[in-house]
Amino acid sequence: MSLDKEILWMQRALDLAIMGSGFVAPNPLVGCVIVKDERIIGEGYHQNYGEAHAEVNAVNSLVNPLDIIGATVYLNLEPCSHHGKTPPCAELLIKSKVKRVIICNMDPNPIVAGEGIAKLKAAGIEVEVGLLAEKGEELNRKFFYFQREQKPYITLKFACSQDHFIAKVNGEPISFSNSESQQLVHKMRAENQAILIGVQTANADNPSLNVRHWQGNSPIRIIIDPSNRLPKESKLVQDYEALLVFTKHHSETVGNNKWIAVGEKNPIEFLESILTYCYQNNIQSILVEGGTRTANQFYTAGLINEIWKIEKQIKLCEGIPAPILTDVVFENKFIIGQDNVWSKGLMPKIS
């Protein structure tokens, strides 16, 4: 079988996997392609958290279930080997009597971490790992980072004027996004498990911080509020969607709203307490979306993995300055509507 064809089928698995974006977290994005006689006979992807995995959906897509015998399976991630919300996918492939399994990346989750591959090999199935590994790493970078570093992956997003201000002098917010860039922002929200702002931004903007202009699940809202200044009548409190408010001393739980006291800490220790809580509660990715002070604290602490800047083609001449990101050189630039968008991934490239 030619390498070109194998690359094509693995790329199809990656393309399928991304269709679950915004719906499967905290699970990784996984696609599966079943090939026999150099023809795709089945495919599937993980569509929703808690529901069937990619391998199950691919097997279920077969016209004749017996066709899988002797087939080759292309997966962008090692099949699970443990009983969770669904049975182990490695066992499904063994039971299906496939001949080969081609895998993009090993699963760094300690409860898998090579066990799925070991099970397949022990059953006499040929296993190859590493095809399009860099693309697979990029696709599941948030999941991989969380598993390896034991803290959530942080993406900073901010919007500003052409002369680098994010609001008027008095703090009055300005809409910097057009309809197209607004979709990008809501796509980013769906792709992160949580969204974080400081209490000053929450009080000035009274935002909802949910997903309205893209498909996907709304993130958990996180507010940094050391002195417990978030009004109970704010949208974030009143809509009773998942809300975490981190304070120094106030603790309270009302429905899906939770105030968490972390004690007297300096700003960096305060952020680290939030990230520790998120790791312990399997919150794998956070979009930091509000406030220059909050953004600068995350950046100064070296906690940011990825940065997005949306620049509106207007000048304010004065106002609240945008975040100061010393030495950041943006890698990508494109235009959405009339807005310039820059991005930079701070994650190291795999060799």
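See the structure shown above.
Residues numbered from 1 in each chain as written. Predicted model: local features only at pLDDT ≥ 70, side-chain atom pairs only at ≥ 80, totals over all residues. Heavy atoms only, no water.

Engineer: Sorry if this is basic, but what is going on with the overall build of the chain here?
Structural biologist: When helices and strands are counted, the chain shows 11 helices and 17 strands. For 351 residues, the compact-globule formula gives about 20 Å, and the C-alpha radius of gyration of the chain, at 22 Å, lands near that figure. On the principal axes, the C-alpha backbone points of the chain span a range of 70 × 45 × 35 Å. Out of the 351 residues in the chain, the part that is buried amounts to 50%. Contacts spanning at least 24 positions in sequence make up 69% of the contacts within the chain whose residues lie at least 6 apart. Entry remark: accessible area of the chain is about 16600 Å², with carbon and sulfur atoms responsible for 50%. Between the mean site of the 35 positive side-chain charges and the mean site of the 39 negative ones, the chain shows a separation of 1 Å. (Helix = DSSP H or I, 4+ residues; strand = E, 2+ residues; numbered from the N terminus. Rg over C-alpha atoms; globule rule 2.2 N^0.38 Å. Buried < 20%, exposed > 50% of the residue type's maximum accessible area, 1.4 Å probe, protein only. Contact = heavy atoms within 4.5 Å. Areas by Shrake-Rupley, 256 points an atom, 1.4 Å probe, with all protein chains shown as cover. Lys, Arg positive; Asp, Glu negative; His and termini not counted. Charge placed at Lys NZ, Arg CZ, Asp CG, Glu CD.)

Engineer: Can you help me understand helix H11 (residues 292-300) in this one?
Structural biologist: Since there are 3.6 residues in each turn of an α-helix, residues three or four apart along the chain are aligned in direction. Of all the positions in H11, only Thr 292, Thr 294, Ala 295, Asn 296, Gln 297 and Phe 298 are classed as buried. Where H11 terminates, the next one or two residues include Gly 302, which has phi positive at roughly 70°.

Engineer: What's the story with the side chain of Arg 100 in this structure? I'm lost.
Structural biologist: For Arg 100, the location among the structural elements is in strand E4 (residues 100-105). Polar side-chain contacts of Arg 100 include one of 3.1 Å to the side chain of Glu 6. (Polar contact = N/O pair within 3.5 Å; in protein donor to acceptor, adjacent residues only side chain to side chain.)

Engineer: I'm lost on the side chain of Asn 340 in this one. Help?
Structural biologist: Tracing the backbone shows Asn 340 in strand E17 (residues 339-345). Residue classification places Asn 340 among the buried positions, given a relative accessible area of 10%.

Engineer: It is not clear to me how the packing of aromatic side chains should be interpreted in this structure. Could you clarify?
Structural biologist: Taken as a whole and judged by the stated rule, the model has 6 aromatic pairs. Taking the centre distance of 5.1 Å and the plane angle of 45° together, the rings of Phe 146 and Tyr 279 count as tilted. Pair noted here: Phe 146 is in helix H6 (residues 141-149) and Tyr 279 is in helix H10 (residues 267-280), with a separation of 133 residues, a long-range link. We classify Phe 146 as buried; its relative accessible area is 3%. On the accessibility criterion, Tyr 279 (31% relative accessible area) is partly exposed. Ring centres of Trp 308 and Phe 334 lie 6.2 Å apart, and the angle between their planes is 75°; on these two criteria the pair is classed as edge-to-face. Here Trp 308 is found in strand E14 (residues 306-312), whereas its partner Phe 334 is found in strand E16 (residues 332-336), with 26 residues between them in sequence. (Phe/Tyr/Trp six-rings, centres within 6.5 Å; stacked < 30°, edge-to-face > 60°.)

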